[in-house]
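Here are the chains, one letter per residue:
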Amino acid sequence: MGIIPTVTDAALVAAVADGETGALRELYERHGAWLHARLLRRCNDPEVVVEVVQDTFVALWKDARRFRHDGEVGAWLWGIAFRRMVSRLRSRHDVVLLPEWDVPAGPRHVLPSAEDLVLLGIEYGDLASALRRLSPEFRSVVQAVVLDGLTTKEAGRLLGVRENTVKTRLHRAKAQLRAALAEPQEGWR
Amino acid sequence: MTTETQGWHADPALLSSYLAGALDAVTGASVEQHVNRCGSCRRSVSHLLEPRLVERTWAGIRDAVERPPLPVPIRLARRLGLPEPTAVLLAAAASLRSAWLVGAFLSLSFATLAAYLSGGTALAPFLLVAPLAPVLGVAAAYGPRQDSLEALVATAPYGRTRLILLRTLAVLVSVLPFTALLGLALPGPLWLAAAWLGPALALVPVLLALAGFVGPRVAATVVLLGWSSVVVASTRRGLGPSWPVEAGQQGVYLVLALAACAVIAVRLGIDRQRGVAL
């Protein structure tokens, strides 16, 4: 909807801290749907996602004062939401979705166009191909810790392995990535 | 922050395949990194997502946000690990409200002060009040006249016995600790500080057993008069100030308590279906 697009997210958080439900609604309009989408990619149960998003915005309502105005509101909300989901999924590994690292072959599968790939690739450069070459255990650790911003402890909880294992894997994965990035750029089609 | 990055935006087809889980992890992660920082793409996502799901979530958030905050005692009880419905049921009991608790605390304090000033010769006020405070608290915790939730409780599928025992426990928890603390201030041997617990714990089941027959008000009156006459008679006859709580008498209280518990148990067994023993 975006009724007040000129107001920044941070200003809206400040308004929420003053008890304005309208500001909360506007923040929900801006971030709620995307939060659902991101969580649904990690959890198979829409009920859990709905509850986690509810918890997240109720937490925002209660703790808006604690927002440090040096980061992005979206990232802050994601941090709250994903942590809550990980602790909720501790006993429910059946609904955890791990990302598909090999391109799934579906009939209605839409591949991003070459232009899209190049533009998305800006975020990573040849990191993408380096990531693809990691072994599955390493990739899931990189996904949880580097991309989703979990601590190694929380990542261990999510992936069902010990914290030390996460640390070791992360360390080795980073070394492999560094080595791959140092190589002269080869096949990035 | 709605920073529009580089003028490029993920097109709806790309976003839909992200939502459908059809992208591989690296492309998916790239889409996420972009949309995280792009307000316009986040808006596109909200058009692609099931609107009912998003609205349902908002309804829950609005309910939680607009609900008036619970009173302090209920929040305190919840912090201690009680489920919310139980906390609300407890808080509705008259004798668990702050006015009642302050009253009990004051009368106990005065009784202790009297015993303290007399140097141990006048224990009667304390011995009179200390066991009666929990008894009256329990009596005031339920029943048609005292309970503001009575109409609800009577029709709800919630065991009455369970409610009464729950509130009894809550009253004991709220009254006994500070009575015990005041008891430590009593002059005389240290065992006196704990001796009042005997009659206090015995009179509660007696009250509950009686209340099953005649209701909490009459039962409280009977127990009150009974205990007062024991304490007053002991001073009149010139027995020692601690006579009501000495070993022999404690045995009598124990027997009384056991008998009362037996009565309650038997009546519970008979009335299991209707749950009206208490």
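(A) Fine view of the overall build of chain B. When helices and strands are tallied, chain B shows 14 helices and zero strands. With 278 residues in all, chain B has 37% of them scored as buried.

(B) Region of interest: the overall build of chain A. Per the secondary structure count, chain A includes nine helices and zero strands. The N-to-C order of helical and strand elements in chain A reads α-α-α-α-α-α-α-α-α. Counting contacts in chain A only where the partners sit at least 6 residues apart, residues at least 24 apart contribute 62% of the total.

(C) Just helix α1 (residues 12-19) of chain B, in detail. Residues and elements named next belong to chain B. Along α1, the positions that sit buried rather than exposed are Leu14, Leu15, Ser17 and Tyr18. The arc that holds every buried residue of α1, seen down its axis, measures 160°, which confines them to one face. At the C-terminal side of α1, glycine 21 shows a positive phi close to 75°.

(D) Representation of the packing of helix α12 (residues 197-214) of chain B against helix α13 (residues 216-236) of chain B. All names here are of chain B. In contact at an axis separation of 8 Å, α12 and α13 are set at 140° when each is read in the N-to-C sense. As judged from the angle between their axes, α12 and α13 are oblique. Between α12 and α13 lies a crossing whose hand is right-handed. Here α12 contributes Pro199, Leu203, Val206, Leu207, Leu210, Ala211 and Val214 to the contact with α13, which in turn contributes Pro216, Val218, Ala219, Ala220, Val222, Val223 and Trp227. Per-class residue counts for the contact of α12 with α13 are 14 nonpolar, no polar and no charged.

(E) The arrangement of the packing of helix α3 (residues 46-63) of chain A against helix α4 (residues 51-66) of chain B in detail. Their axes nearest at 9 Å, the elements α3 of chain A and α4 of chain B cross at an angle of 40°. Here α4 of chain B runs oblique to α3 of chain A, going by the angle between their axes. Viewed along their axes, α3 of chain A and α4 of chain B form a crossing whose handedness is right-handed. In this structure, α3 of chain A contributes Pro46, Val50, Val53, Gln54, Phe57, Val58 and Trp61 of chain A to the contact, and α4 of chain B contributes Leu53, Arg56, Thr57, Gly60, Ile61, Ala64 and Val65 of chain B. In terms of residue class, the contact of α3 of chain A with α4 of chain B is built from ten nonpolar, three polar and one charged.

(F) Focus on the confidence of the model for chain B. All names here are of chain B. Scored by pLDDT, chain B comes out at a mean of 79, with 86% of its residues at no less than 70. Under a pLDDT of 50 for its full length, residues 1-5 has, in the predicted model, eleven contacts with residues more than four places off or in other chains. The ipTM assigned to the predicted complex is 0.75, against a pTM of 0.56.

(G) Structural detail: the nonpolar core. Residues and elements named next belong to chain A. In this structure, Val16, Leu39, Ala81, Met85 and Ala155 are the most contacted members of the largest nonpolar core, which totals 57 residues. Looking at which element gives the most residues to this core, the answer is helix α2 (residues 21-40), with ten residues. The contact partners of valine 16, leaving out residues within four places of it in the chain, are Ala23, Leu24, Leu27, Leu60, Trp61 and Ala64.

(H) Seen up close, the confidence of the model for chain A. On average, residues of chain A score 78 in pLDDT, and 75% of them reach the 70 mark or higher. Low pLDDT, under 50, characterises residues 104-109 of chain A; the predicted model gives this stretch four contacts beyond four residues in sequence or across chains.

(I) Looking closely at the environment of glutamine 250 of chain B. Residues and elements named next belong to chain B. Counting through the fold element by element, glutamine 250 comes out in helix α14 (residues 247-270). Owing to 16 C-beta atoms within 10 Å, glutamine 250 belongs among the partly exposed residues under this scheme. C-alpha of glutamine 250 to C-alpha of alanine 195: the two residues are 55 residues apart in sequence and 8.4 Å apart in space. In contact with glutamine 250, other than residues within four places in its own chain, are Gly198 and Val245.

(J) Molecular detail of the environment of leucine 23 of chain B. Residue and element names in this part refer to chain B. Along the chain, the position of leucine 23 falls in the loop between α1 and α2 (25-36). Owing to 27 C-beta atoms within 10 Å, leucine 23 belongs among the buried residues under this scheme. What leucine 23 contacts, discounting residues up to four positions off in sequence, is Ser17, Tyr18, Gly28 and Val31.

Cut-off values and rules
Residues numbered from 1 in each chain as written. Chains lettered and ligands numbered in written order. Predicted model: local features only at pLDDT ≥ 70, side-chain atom pairs only at ≥ 80, totals over all residues. Helix = DSSP H or I, 4+ residues; strand = E, 2+ residues; numbered from the N terminus. Buried ≥ 20, exposed ≤ 12 C-beta atoms within 10 Å, placed from the backbone. Contact = placed C-beta atoms within 7 Å. Arc of directions from axis to C-beta. Axes fitted to C-alpha atoms, helices over the stretch in contact; angles between N-to-C directions. Parallel < 35°, antiparallel > 145°, perpendicular 65-115°, else oblique. Left-handed = near helix turned anticlockwise from the far one by under 90°. Nonpolar A, V, L, I, M, F, W, Y, C, P; charged D, E, K, R; others polar. pLDDT = per-residue confidence, 0-100. Core = buried A, V, L, I, M, F, W, Y, C linked by C-beta atoms within 7 Å.

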